[in-house]
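Given next are the chains, with one letter for each unit.
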Amino acid sequence: DTEVTQTPKHLVMGMTNKKSLKCEQHMGHRAMYWYKQKAKKPPELMFVYSYEKLSINESVPSRFSPECPNSSLLNLHLHALQPEDSALYLCASSGQGARNEKLFFGSGTQLSVL
Amino acid sequence: AQSVTQLDSQVPVFEEAPVELRCNYSSSVSVYLFWYVQYPNQGLQLLLKYLSGSTLVKGINGFEAEFNKSQTSFHLRKPSVHISDTAEYFCAVSGYSSASKIIFGSGTRLSIRP
């Protein structure tokens, strides 16, 4: 199994809603990432978990809250988002926990904030 | 710190023609280099990577890239493109340290004309 699975594929939420994005991998990878990608732009790193511990937070606003319940799962909890947070949210994983390894990406969650 | 520049935001080519997508990087230390492809409504997928050794790297789908240290370039080439190669292509760089993050270029949109 060489897949990173993200759910849901699409999400529409209001600014007062609370929602969660989910990511799962069964490759035994020890590093997991959240990226944000706006249209026609490269992915921007948000968070990195290495061995289930948060190792990088790229100064992301607190309305985004990551969680890594176990080595296979990564969540991104969303609360009180703004319309400018609308984007494609990509999850990725890599094998040994090093940040410069090959990344395996999921297909993303397309988020629209109304 | 590393940075990467993709000189062309869009490259239109005819089907079965050759293509070159340009990438230049900047770094004060040795680097790893990557090319990722993103098909519409998908996450990113690794095409190829340069870690060390032979400067000509072969990847999936008939793509190859050549590492040129003196020109700090890592251009991607394919001798004959297909309609299915229509996608966004991202060059990326990271340092040797396991703590080095992968930095993505701004992307090149490859559009194939029949």
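Here the structure is a predicted model, which is why all the values come from computation and not from measurement.

Reading the values: the criteria
Residues numbered from 1 in each chain as written. Chains lettered and ligands numbered in written order. Predicted model: local features only at pLDDT ≥ 70, side-chain atom pairs only at ≥ 80, totals over all residues. Heavy atoms only, no water. Helix = DSSP H or I, 4+ residues; strand = E, 2+ residues; numbered from the N terminus. Rg over C-alpha atoms; globule rule 2.2 N^0.38 Å. Buried < 20%, exposed > 50% of the residue type's maximum accessible area, 1.4 Å probe, protein only. Areas by Shrake-Rupley, 256 points an atom, 1.4 Å probe, with all protein chains shown as cover. Lys, Arg positive; Asp, Glu negative; His and termini not counted. Charge placed at Lys NZ, Arg CZ, Asp CG, Glu CD. Contact = heavy atoms within 4.5 Å. Pairing = 2+ DSSP bridges. Axes fitted to C-alpha atoms, helices over the stretch in contact; angles between N-to-C directions.

### As for the overall build of chain B
Per the secondary structure count, chain B includes zero helices and 12 strands. Ordering the α and β elements of chain B from the N terminus gives β-β-β-β-β-β-β-β-β-β-β-β. Taking 13 Å as the expected radius of gyration for a compact globule of 114 residues, we find that chain B reaches 14 Å, a close match to that expectation. Split into buried and exposed, the 114 residues of chain B put 46% on the buried side. Accessible area for chain B stands at about 5500 Å²; split by element, carbon and sulfur atoms hold 49% of it. Treating the 9 positive side-chain charges of chain B as one cloud and the 8 negative ones as another, the clouds have centres 8 Å apart.

### Observations concerning the environment of Leu51(B)
Residues and elements named next belong to chain B. Mapping Leu51 onto the fold places it in the loop between β6 (44-50) and β7 (56-58). On the basis of relative accessible area, Leu51 is assigned to the partly exposed category, the value being 33%. Along the sequence, Leu51 and Pro79 sit 28 residues apart, while their C-alpha atoms lie 23 Å from each other. With sequence-adjacent residues up to four places away left out, Leu51 is seen in contact with Val31, Tyr32 and Tyr96.

### With respect to the sheet that holds strand β1 (residues 4-7) of chain A
Pairing between the strands of a sheet comes from backbone hydrogen bonds, and it takes one of two forms, parallel or antiparallel. Residues and elements named next belong to chain A. Spatially, four strands are ordered β1-β3-β8-β7 in an open sheet, and the strand pairing comes out antiparallel. Two strands lie at the open edges of the sheet, namely β1 and β7 (64-70), each paired on one side alone. Each adjacent strand pair in this sheet contributes to an overall mean axis angle of 20°, direction not counted. Relative to strand β3 (residues 18-25), β1 runs antiparallel, the two being bridged by four bridges. Paired with Gln6 across the two strands is Cys23, which belongs to β3.

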